[in-house]
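A closer look at the structure
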Amino acid sequence: MDDQKGEMTMQSEGRLKGKVALITGAGSGIGFAIARLFAEEGAKVVLSDVDAASLAAKVALLTQADEHLCQPHDVSSEPDWERVFAAAIERYSRVDIVVNNAGIAAEGSIEDVTLESWRRVMSVNLDGTFLGCKHAIRNMKNTGGGAIVNVSSVGALKASLTGPAYGASKAGVWNLTRTVALSCARNGYNIRCNSLHPGLTHTPMMDRASPEMLERLKAGIPMGRLAEAIDIAQAALYLAGSESKYVTGTSLVVDGGYIS
Ligand code: NAD
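Residues numbered from 1 in each chain as written. Predicted model: local features only at pLDDT ≥ 70, side-chain atom pairs only at ≥ 80, totals over all residues. Heavy atoms only, no water.

When helices and strands are tallied, the protein shows 9 helices and 7 strands. A globule of 260 residues ought to have a C-alpha radius of gyration of about 18 Å, and the protein, at 18 Å, matches this closely. Taken over the C-alpha atoms alone, the protein extends approximately 50 × 45 × 40 Å along its principal axes. Long-range pairs, those at least 24 residues apart, make up 70% of the contacts in the protein between residues at least 6 apart in sequence. (Helix = DSSP H or I, 4+ residues; strand = E, 2+ residues; numbered from the N terminus. Rg over C-alpha atoms; globule rule 2.2 N^0.38 Å. Contact = heavy atoms within 4.5 Å.)

Here it is, written out as structure tokens:
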């Protein structure tokens, strides 16, 4: 009974009350769903995206929109990370949660993919996450710790005939996550780091797939439907919040049974 009461009190106050969360790629899809949920749960949110116009349109939809901060941000650029963290620290004095969500996909078989396209995917998905982790640690270790959530994909865990760069970049994110978790735990930084592996999710990224491809992909999902962005955001909330305080270096798959 007491536990239940405690839980109700915590939820009514917001599971992220008093926290500052930086979310990349927050102008669309999963990133925006995470930003909206975290704001509803009481966090101050720093929304960043390379597409500043789409970001500006989205922030107005958040709970207490004036309390959040929007930053134009190319995650593959280290000077951009320095500027975004500086702006967040200036406004809120700390960052408790970083969600490395920005990502891109590129089609093409291993025989077709160009080096240019391979490098572009790697630079956003893997370099971007590496820089996000590096700057998160640099800042969080001075303010008592925090939580990093790296958005990987089921594509990290399963071979694909059509997206070799995407799968390799997301597998890199998965391994990097465990290195960050181990390093932070061993150094006593109180920083946790976990990877989140969405299955196919209804977002503008998926809308770019052809209808035939979508049908084929859907047929492979045991639960018979794509995820909604909120399904992924709920998992990010668990990994970012105190309910997962003993969880680090793990990978949370949210895929309707796809890789089972
Ligand atoms: P989306 O295309 O809807 O949104 C991605 C956002 O990232 C966009 O707002 C885009 O402007 C931004 N972005 C792109 N390049 C950037 C850069 N260099 N710097 C900063 N921002 C940049 O995609 P989504 O479906 O919401 O995907 C979000 C994350 O989830 C990605 O990492 C993606 O790989 C992953 N994911 C998506 C699915 C899916 O089915 N949608 C499945 C597994 C994993």
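Around the ligand, 30 residues are found, and the nearest of them are Ser28, Asp49, Asn101, Tyr166 and Thr203. Residue Asp49 places a side-chain N or O atom 2.6 Å away from an oxygen atom belonging to the ligand. Val50 is positioned with one of its backbone polar atoms (N or O) 3.4 Å from a nitrogen atom of the ligand. When the free accessible area of the ligand is taken as 830 Å², the share hidden by the protein chains comes to 93%. Sorting the residues of the shell around the ligand by element identifies α2 (29-40), α6 (164-186) and α7 (204-207) as the ones contributing at least two each. The element that contributes the greatest number of residues to the shell around the ligand is α7, accounting for 3 residues. Across the shell around the ligand, the residue classes break down as 13 nonpolar, 12 polar and 5 charged. (Near = heavy atom within 4 Å. Polar contact = N/O pair within 3.5 Å; in protein donor to acceptor, adjacent residues only side chain to side chain. Areas by Shrake-Rupley, 256 points an atom, 1.4 Å probe, with all protein chains shown as cover. Nonpolar A, V, L, I, M, F, W, Y, C, P; charged D, E, K, R; others polar.)

Let us now look at the environment of Leu37. Mapped onto the fold, Leu37 is located in helix α2. A C-alpha to C-alpha distance of 9.5 Å links Leu37 and Ala236, two positions 199 residues apart in sequence. Setting aside residues no more than four positions away along its own chain, Leu37 makes contact with Ile230, Ala233, Gln234 and Leu237.

A separate point is the packing of aromatic side chains. Considering all chains together, one arrives at 1 aromatic pair under this definition. Its end group placed over the ring of Tyr258, Lys158 keeps NZ or CZ at 5.4 Å from the ring centre. (Phe/Tyr/Trp six-rings, centres within 6.5 Å; stacked < 30°, edge-to-face > 60°. Lys NZ or Arg CZ within 6 Å of the ring centre and 35° of its normal.)

Time to look at the side chain of Ser169. Checked against the element boundaries, Ser169 lands in helix α6. On the basis of relative accessibility, which here comes to 0%, the residue Ser169 falls in the buried class. Setting aside anything within four residues of it in sequence, one finds Ser169 in contact with Val121, Met122, Asn125 and Leu126. (Buried < 20%, exposed > 50% of the residue type's maximum accessible area, 1.4 Å probe, protein only.)

At their nearest, the axes of helix α4 (residues 78-92) and helix α5 (residues 115-140) sit 10 Å apart, and the two run at 40 degrees to each other. Helix-helix and strand crossings are classified by hand; for α4 and α5 the assignment is right-handed. Between α4 and α5, the residues in contact are Glu78, Trp81, Glu82, Phe85 and Ile89 and Gly128, Leu131, Gly132, Lys134, His135, Ala136, Arg138 and Asn139, respectively. Among the residues forming the contact of α4 with α5, the class breakdown is 5 nonpolar, 4 polar and 4 charged. (Axes fitted to C-alpha atoms, helices over the stretch in contact; angles between N-to-C directions. Left-handed = near helix turned anticlockwise from the far one by under 90°.)

Our focus in this paragraph is the packing of α2 against helix α9 (residues 229-240). Packing of α2 against α9 leaves a shortest axis separation of 8 Å and a crossing angle of 55 degrees. Taken together, α2 and α9 sit at an angle that is classed as oblique. Seen along the crossing, α2 lies across α9 with a hand that is right-handed. Along the contact surface, α2 presents Gly29, Ile30, Ala33, Ile34, Leu37 and Phe38, while α9 presents Ala229, Ile230, Ile232, Ala233, Gln234, Ala236, Leu237 and Ala240. (Parallel < 35°, antiparallel > 145°, perpendicular 65-115°, else oblique.)

This paragraph deals with the nonpolar core. Counting residues in each nonpolar core, the largest one holds 34 residues, and the members touching the most others are Ile23, Ile34, Phe38, Val45, Leu47, Val99 and Leu196. Broken down by secondary-structure element, the contributors of at least two residues to this core are β1 (20-24), α2, β2 (44-49), α3 (52-59), β4 (97-100), β5 (146-151) and α9. The residues touching Ile34, leaving out its near neighbours within four places in the chain, are Ile23, Val99, Ala233 and Ala236. Counting 27 residues, the second largest nonpolar core, distinct from the first, contains Val46, Tyr92, Ala136 and Met140. (Core = buried A, V, L, I, M, F, W, Y, C linked by side-chain atoms within 4.5 Å.)

With that settled, consider unusual backbone geometry. Negative phi characterises most residues that are not glycine, and trans characterises most peptide bonds. Positive phi outside glycine occurs at Gln64, with the angle close to 50 degrees. Topologically, Gln64 is positioned in the loop between α3 and β3 (69-72). Look at Gln64 and you get exposed, because its relative accessible area is 53%. Phi is positive for Ser93, close to 75 degrees, though the residue is something other than glycine. You can see Ser93 is positioned in the loop between α4 and β4. Look at Ser93 and you get exposed, because its relative accessible area is 52%.

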